[in-house]
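The chain contents come next:
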Amino acid sequence: MSIAEEEIKKFENSNCAENKVFYQAMEEVIYSIAPLLESDNKYTRYAILERLVVPDRVIKFKVTWLDDNNTIQVNTGYRVQFNNALGPYKGGLRFHPSVNEGIFKFLGFEQILKNALTGLPIGGGKGGSDFNPKGKSDFEVMKFCSAFMTELHKYIGPRIDVPAGDIGVGSREIGYLFGEYKKITSTYEGVLTGKPFMFGGSLMRPEATGYGVIYFTQKMLELEGKESLEGKICTVSGAGNVALHAIEKLQHIGAIAVSCSDSKGTIYDSRGVDLDLLKDIKLNRRASLEEYIKVHTDARYIPLADYPADGHAVWDIPCYAAFPCATQNELCDVDAQNLISNGCVSVTEGANMPCSPEATTLFLSHNVCFGPAKAANAGGVAVSEFEMSQNASMTKWTFERVDETLKATMEQICTRVALTAQDYGVKGNYVDGANIAGFKKVADAMIAEGI
Ligand code: NDP
């Protein structure tokens, strides 16, 4: 039995239905780091893996709030404080009806290694609620956020745990959460990132993850000797924060982003996505992508239900580079096969773990450049840390300073991941490179801090 199989066996009882995605994330890391465990037995001696896969604490709480009809609503809140070996727990809040403890454990676990790769002093955590902001009035979102913070404030602080946004949590929600924290604690401190600029937010935080994904991809293509994205057809999934800004940066550099998607369907606009219209539909009107073809009648809208169940329309569009930016496991083996058959050269994960293990294996075995989420989408958390620094020193960075530092950070992450992969005999495998480099950083700190 290989060292990876031995390690995975220890965690088999955590592979229950709720923990499925957490187990998937853990398994990938264990396979990647097997050569490191074999080359240095200190990681086994200090039981780093056993300690790393168990969160420091999982906080679960009831959130009770009044809707616009004065009916009492009850939701569940979570905060998984996973690991603070490198700095305060840091990671987003997700508001979506599909969440459970297993999803937050998967996201928190990924966040530990992602944050380590940035080289910044931040640990890993994640949280949120099964509250669904969709279809709720502004007042209902505000009341929910206040009720959520009434409990969460006990566990967070600028040196303890600093949440940010994720699916369903944008600057509106962060604003309400910050307002409530301020009211309860009578403090004005950088306890959340992704705040609106007018009260402590960093310029470019909204753009950071999407822009970072493109900076990472450009560097990866350069290191792998491939042509740059300029002038190339690119496909993007999602139509939220990450997708919108990935499309925006692709347009800045002269690439042609021809798609986007939401939970109901896909838009294919071969002339390039109309970003102003897309922002209006999603940010102002919070409406369905179906609205897009009312303006651009020559674009195609493919409802989710109209596409065969074992694949996704967006990955059937021929492209040079693909950017899954919606949600976990949104790109399966059938999709990977379609992308490969259509000549796709590069896939970069904007969302967290959007590619299934089978899809990832197909990309790697067909020499498709593959940028894994924990490296490629670290731009959001990096700029969150810049926001923490600005709050702590009561300063404001210019847009240009944030952008330049973000670009440099993404290029450093990409280079470190590529070099680590090379050092461990898996040149070009950015999945293993990211897992080994991130794990090593956290593990060495854990050893130095004692048990
Ligand atoms: P948003 O809530 O802003 O947007 C999510 C988008 O994805 C929405 O347009 C949503 O559709 C769409 N979507 C959800 N499920 C599906 C699906 N099954 N198929 C197609 N589209 C779907 O979230 P973010 O953009 O912030 O986050 C997207 C991903 O990026 C997540 O995995 C998140 O964890 C990750 N991420 C986000 C960071 C950030 O800074 N925001 C940082 C790092 C990672 P609809 O509009 O219908 O709801």
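Residues numbered from 1 in each chain as written. Predicted model: local features only at pLDDT ≥ 70, side-chain atom pairs only at ≥ 80, totals over all residues. Heavy atoms only, no water.

Sorry, what's going on with the site of the ligand here?
Among the 23 residues in the neighbourhood of the ligand, the closest are listed as K134, D166, T209, S263 and N352. One of the backbone nitrogen or oxygen atoms of G240 is found 3.4 Å away from an oxygen atom of the ligand. Take S263: an N or O atom from its side chain is 2.5 Å from an oxygen atom of the ligand. Relative to its free-state accessible area of 900 Å², the ligand is covered by the protein chains to the extent of 83%. Elements represented by at least two residues in the shell around the ligand include exactly α8 (205-223) and α9 (241-252). Within the shell around the ligand, the residues separate by chemical class into 6 nonpolar, 11 polar and 6 charged. When residues are assigned to domains, the shell around the ligand turns out to be shared by domain 1 (3-189) and domain 2 (207-367), each giving three or more. (Near = heavy atom within 4 Å. Polar contact = N/O pair within 3.5 Å; in protein donor to acceptor, adjacent residues only side chain to side chain. Areas by Shrake-Rupley, 256 points an atom, 1.4 Å probe, with all protein chains shown as cover. Helix = DSSP H or I, 4+ residues; strand = E, 2+ residues; numbered from the N terminus. Nonpolar A, V, L, I, M, F, W, Y, C, P; charged D, E, K, R; others polar. Domains from an automatic or database assignment.)

What should I look at first to understand the pairing of strand β4 (residues 124-129) in this one?
Taken residue by residue, a regular strand's side chains alternate between the two faces of the sheet. Where burial is concerned, most of β4 is hidden: 6 out of the 6 residues are buried. Residues G124, K126 and G128 line one face of β4 and the alternating positions G125, G127 and S129 line the opposite face, and both faces are buried. Across 6 bridges, the pairing between strand β2 (residues 72-83) and β4 is antiparallel. Within β4, the residue paired with R79 across the bridge is G127. On the question of chirality, the crossover connecting strand β3 (residues 89-95) to the parallel β4 by way of helix α5 (residues 101-117) is right-handed. (Buried < 20%, exposed > 50% of the residue type's maximum accessible area, 1.4 Å probe, protein only. Pairing = 2+ DSSP bridges. Right-handed = clockwise from strand over helix to strand, strands pointing away.)

Even after reading the chapter, I still don't get helix α1 (residues 3-10), so can you show me in this structure?
Those residues of α1 not exposed but buried are A4, E7 and I8. For α1, the arc enclosing every buried residue in end-on projection is 100°, short of the 170-degree limit, so these residues lie on one face. Structurally, α1 contributes buried residues whose contacts are with α2 (20-39) and α4 (48-52). (Arc of directions from axis to C-beta. Contact = heavy atoms within 4.5 Å.)

For this particular structure, what's the right way to read the pairing of β2?
Judged from the 10 bridges that link them, strand β1 (residues 57-66) and β2 form a sheet pairing that is antiparallel. Bridging across to β2, V63 finds its partner in N75.

Any chance you could explain the side chain of E385 here in plain terms?
In this fold, E385 is placed in helix α15 (residues 379-393). Although buried, E385 forms no salt bridge, and the nearest oppositely charged side chain, R159, lies 9.0 Å from it. Each residue touching E385, except ones within four places of it in the same chain, is listed here: L120, P121 and I122. (Lys, Arg positive; Asp, Glu negative; His and termini not counted. Salt bridge = Lys/Arg side-chain N within 4 Å of Asp/Glu carboxyl O.)

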